[in-house]
Amino acid sequence: MKTLSRSLSLALVLGSLAVAAPVQAQDFKAGFVNTDRIFREAGTAKAAQTRLEQEFSRRDKEIMDQGTALKTATEKFEREAPTMAESQRIARQRQLVDQDRELQRKRREFQEDLNARKNEELAAVLERANKVVKQVAETEKYDIILDQAVYINPKHDITDKVIKALNAAPAK
C-alpha cells in the first residue's frame, strides 16, 4: 500500500512538472549571433579592415618589390653563372642567399605585425558587438544569446539586428 501511495505521489509530481515545463519554456527566449558575419558585414569591421590595409599597404608593396627584385637578380645570376669566375659566382651566390634570408625575415615580421594589429582591431569590433548584443538582449528580453551552435533555427538569429545597431551606433 505504501509503495502504491509513493508511486501515485511520484506520478502526480512528475505529471505536474510535465504540465508546468511547457509553461516555463514559453517564457524562455533564446537568440543567436553569427560573429563571422559581423566581422564581414558590420561597418566597424569594414572600417577596421580599411585601416589595416592603409597601415600595411606600403610595407607590403616594399616586400613585394624586394621579392621581385630578388627573383630578377636570381634569374640574371643563373644566366650569367656559366661565364663567371668561380670566386665571383660564389660571392654573388652568397649575396643572393643573404638577400633571400633578409626578405624572409621581413616577410615574417610583416606577418607577425599584421596579425597582431588584426587581432587588436577584431578585439575592438568584438567588444563593441558584445555591447550591442547585450543592449539588444536587454531591450528585447532575451534570456540567452549564443554565438556558436551546431544548428540554429533562423528565426532565432539576431545577427541582422546587431549589424544594423552596430552600423547605426557612432564609432568611438
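Residues numbered from 1 in each chain as written. Predicted model: local features only at pLDDT ≥ 70, side-chain atom pairs only at ≥ 80, totals over all residues. Heavy atoms only, no water.

A.B. asks: Explanation requested: the pattern of salt bridges in the structure shown.
C.D. replies: Taken as a whole, this structure holds 16 salt bridges when the rule is applied. With a shortest N-O distance of 2.6 Å, arginine 51 and glutamate 121 are connected by a salt bridge. With a gap of 70 residues between them, arginine 51 in helix 3 (residues 43–80) and glutamate 121 in helix 4 (residues 86–139) connect regions that are remote in the sequence. The partly exposed category is assigned to arginine 51, whose relative accessible area is 40%. Judged by its relative accessible area of 8%, glutamate 121 falls in the buried class. Of the charged contacts in the structure, one is a salt bridge between glutamate 62 and arginine 58, with a shortest N-O distance of 3.3 Å. Note that glutamate 62 and arginine 58 are positioned in helix 3 at a spacing of 4 residues, about one turn of the helix. In this structure glutamate 62 comes out as partly exposed when scored by relative accessible area, which is 41%. (Salt bridge = Lys/Arg side-chain N within 4 Å of Asp/Glu carboxyl O. Helix = DSSP H or I, 4+ residues; strand = E, 2+ residues; numbered from the N terminus. Buried < 20%, exposed > 50% of the residue type's maximum accessible area, 1.4 Å probe, protein only.)

A.B. asks: Would you explain the packing of helix 4 against helix 5 (residues 159–168) in this entry?
C.D. replies: Angle between the axes and distance between the axes are the two parameters that describe a pair of packed helices. Running from N to C, helix 4 and helix 5 cross one another at 115°; their axes reach a closest spacing of 9 Å. Classified by the interaxial angle, the pair formed by helix 4 and helix 5 is roughly perpendicular. Note that helix 4 runs across helix 5; the crossing there is right-handed. Contacts from Arg128, Ala129, Val132 and Val133 of helix 4 reach helix 5 at Val162, Ala165 and Leu166. By residue class, the composition of the contact of helix 4 with helix 5 is 6 nonpolar, no polar and 1 charged. (Axes fitted to C-alpha atoms, helices over the stretch in contact; angles between N-to-C directions. Parallel < 35°, antiparallel > 145°, perpendicular 65-115°, else oblique. Left-handed = near helix turned anticlockwise from the far one by under 90°. Contact = heavy atoms within 4.5 Å. Nonpolar A, V, L, I, M, F, W, Y, C, P; charged D, E, K, R; others polar.)

A.B. asks: Please explain the nonpolar core as it appears in this structure.
C.D. replies: Considering soluble globular proteins, one finds that nonpolar side chains tend to be buried as a cluster. One finds Val33, Ile38, Ala42, Val132, Ile158, Val162 and Leu166 to be the most contacted residues of the largest nonpolar core, which totals 16 residues. Listed by contribution, the elements that provide at least two residues to this core are helix 3, helix 4 and helix 5. Ranked by the residues each element gives to this core, the list is headed by helix 4, at 6 residues. The contact partners of isoleucine 38, leaving out residues within four places of it in the chain, are Val33, Ala45, Ala129, Thr159, Val162, Ile163 and Leu166. Phe56, Ala81, Met84 and Leu103 belong to the second largest nonpolar core, which has 11 residues in total. (Core = buried A, V, L, I, M, F, W, Y, C linked by side-chain atoms within 4.5 Å.)

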